[in-house]
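This is what each chain is made of:
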Amino acid sequence: MPTSDLIAEPVAIEACDCLTPLGDAAATCAALLAGRSALQPQPVQGAGGGDLVPLALCSPMAETVPPRWLPFVRQLAARLPDAGWGRPGRPVFVTSSNFGVGSLHAFVRDGDASHLPYGVPHRAVEFLTRELGWGPEVFVLSHACVSAHLGVLLATRHLHAGLADRALVFSFDFLSPFVTGGFHSLKILNAGFPAPYAVRETGSIGLGDGTAFAVLARTGGRARIAAQAVYNEMFHFTSNRPDGTGFADCIRPLVPLLAGRRPWIKGHGTGTLEAGRLEAAAFAQLLPGAPLVSWKGALGHTLGSCGLVELALALAARDAGRIPGTIGSTAPVFSPAVALASFAAADHDTALLASNAFGGAHAALLLDHG
Amino acid sequence: MSQPLEERLKVLIVDVLRLDDVTPADLADDEPLFGSKLQLDSIDALELVVRLEKDFGIKIGSSEESRQALASIATLAAYIRERAPAAAQPVRG
């Protein structure tokens, strides 16, 4: 039976921000607190039409040259502190679940080679590296929807191994007809809007564009990640263990670190029924009373970037003094701990931020409010 | 000679999922397609749904609906007969 890996070395967050269809982290957080959603019914194939499904897009979903994610990634990167990224001691960890797969699909479909420079992860990141003027020390990492968590973890290990004095984790996931079509074929992206943790007959997810970064250092900073955990169920390549123990097993090593603390939880909460039920039950069992929220009912699932986008939003919420509730959901819900409305950040001193991924992968981190 | 819908579905499943060690005759109408000896998974379900929607002109609305429809050959045949009666008619072999 696999066990969860605990990374107990703390790491400081010097800077962290994101960009969603609702704006930067502060603007997105304010929109969530106002109950706004970026999800709109959109044709699943973009200009190609198809069923209407809930998507949160920064721009119309089309495979352009250069790719449509470039201006948004540039816009976010303009907020990075200037630190000679990609040079010795300042590594960059770029994470995504789909990188430029939409460009690859456009090439295969249309035979237009102008899409190829963006169509596979290393080429998309080489393009991004040139665009942003980074040096060569750039690592590319992808592990489905825990990609950003693993980027944070690897950056932490570099810092504590003395291989870096500051590290940049950068993530971007922008939707394409290839990605939306895949989730639509699975029927979890359908005509319904997501209602994370809500008890209902049909599960539905939304998908969203998102990009985010975190600048990490060993000490100092505006916040601290106290510990991280990663886990893979090793049960099935598409399914969670039916008893839900995978969700609990990931966060179990973090629970002792929360003794005497007052945590809140940002769960994965995409809107699928089975995973939502199992996740809510695991949190209720191990951290009874801690309020549980998901923001994917407003932003959609930003896939491999969700861990970093939602970290930036958690920090923005802490700064704003209120934690947004679970937008899109109404009672009944899977657990009394599910917070449908916002609540005061001052009542809590720690956030547990968790993500799950295709293939039974789980990741979580503890964010100190201080 | 006409081929009933259930038999067409068995041929389709063996073909789409490339079940090398299984013939259409091995599939019972009421045998569970998932969680049974066939050891099908959600990727198999995806492939089946895409092919069924194309061949029969049906639209499966959610993963829950998909799970119910794909419970067995019998439930799948009933689902198609309800939503696409013309496409479900026996075909001449």
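Now for a description of the structure that goes with this document. (Residues numbered from 1 in each chain as written. Chains lettered and ligands numbered in written order. Predicted model: local features only at pLDDT ≥ 70, side-chain atom pairs only at ≥ 80, totals over all residues. Heavy atoms only, no water.)

1. Some words on the overall build of chain B
Part 1 of the reasoning: In terms of helices and strands, chain B carries 4 helices and 2 strands.
Part 2 of the reasoning: Its helices and strands taken in sequence order, chain B reads β-α-α-α-α-β from the N to the C terminus.
Part 3 of the reasoning: Against the globule reference of 12 Å for 93 residues, chain B gives a C-alpha radius of gyration of 12 Å, in line with a compact fold.
Part 4 of the reasoning: Summarising its shape, the C-alpha atoms of chain B cover approximately 30 × 30 × 20 Å along the three principal directions.
Part 5 of the reasoning: A buried classification covers 45% of the 93 residues belonging to chain B.
Part 6 of the reasoning: Sequence-distant contacts in chain B: of pairs separated by 6 or more residues, those separated by 24 or more amount to 58%.
Part 7 of the reasoning: Carbon and sulfur atoms provide 51% of the accessible area of chain B, an area that totals close to 5100 Å².
Part 8 of the reasoning: A gap of 6 Å separates the mean positions of the 11 positive and 17 negative side-chain charges of chain B. (Helix = DSSP H or I, 4+ residues; strand = E, 2+ residues; numbered from the N terminus. Rg over C-alpha atoms; globule rule 2.2 N^0.38 Å. Buried < 20%, exposed > 50% of the residue type's maximum accessible area, 1.4 Å probe, protein only. Contact = heavy atoms within 4.5 Å. Areas by Shrake-Rupley, 256 points an atom, 1.4 Å probe, with all protein chains shown as cover. Lys, Arg positive; Asp, Glu negative; His and termini not counted. Charge placed at Lys NZ, Arg CZ, Asp CG, Glu CD.)

2. Quick notes on the packing of helix H2 (residues 70-77) of chain A against helix H4 (residues 121-132) of chain A
Residues and elements named next belong to chain A.
Part 1 of the reasoning: Between H2 and H4, whose axes approach to 11 Å, the crossing angle comes to 50 degrees. In this view, H2 runs oblique relative to H4, as classed from their interaxial angle. Considering the relative orientation of H2 and H4, their crossing is right-handed. Each of Leu 70, Val 73, Arg 74 and Ala 77 in H2 lies in contact with H4, whose residues at this interface are Phe 127, Leu 128, Glu 131 and Leu 132.
Part 2 of the reasoning: Considered class by class, the residues forming the contact of H2 with H4 number 6 nonpolar, no polar and 2 charged. (Axes fitted to C-alpha atoms, helices over the stretch in contact; angles between N-to-C directions. Parallel < 35°, antiparallel > 145°, perpendicular 65-115°, else oblique. Left-handed = near helix turned anticlockwise from the far one by under 90°. Nonpolar A, V, L, I, M, F, W, Y, C, P; charged D, E, K, R; others polar.)

3. Side note on the environment of Glu 47 of chain B
All names here are of chain B.
Part 1 of the reasoning: The residue Glu 47 is located in helix H2 (residues 42-56) in this model.
Part 2 of the reasoning: For Glu 47, a relative accessible area of 27% translates into the label partly exposed.
Part 3 of the reasoning: When the C-alpha positions of Glu 47 and Val 16 are compared, they lie 7.1 Å apart, and in sequence the two are 31 residues distant.
Part 4 of the reasoning: In this structure Glu 47 touches Val 16, Leu 17 and Arg 18, once residues within four positions along its chain are discounted.

4. Observations regarding the interface of chain B and chain A
Interface size is often expressed as the accessible area that is lost when the parts come together.
Part 1 of the reasoning: Between chain B and chain A, the residue contacts involve 14 residues of the former and 15 residues of the latter.
Part 2 of the reasoning: The junction of chain B with chain A conceals about 1100 Å² of combined surface from both sides, 59% of it contributed by carbon and sulfur atoms.
Part 3 of the reasoning: At the junction of chain B with chain A, the criterion picks out 2 salt bridges.
Part 4 of the reasoning: One salt bridge in this structure joins Asp 51 of chain A and Lys 59 of chain B, with 3.5 Å as the shortest N-O distance.
Part 5 of the reasoning: Connecting chain B to chain A are 4 residue pairs in polar contact (both at pLDDT 80 or more).
Part 6 of the reasoning: Only H2 and helix H3 (63-69) of chain B provide two or more residues apiece to the side of chain B that touches chain A.
Part 7 of the reasoning: Here the side of chain B that touches chain A gets 6 residues from one element, more than from any other, and that element is H2 of chain B.
Part 8 of the reasoning: Of the residues in the side of chain B that touches chain A, the class split is 5 nonpolar, 5 polar and 4 charged. (Buried area = accessible area lost by both parts, 1.4 Å probe. Salt bridge = Lys/Arg side-chain N within 4 Å of Asp/Glu carboxyl O. Polar contact = N/O pair within 3.5 Å; in protein donor to acceptor, adjacent residues only side chain to side chain.)

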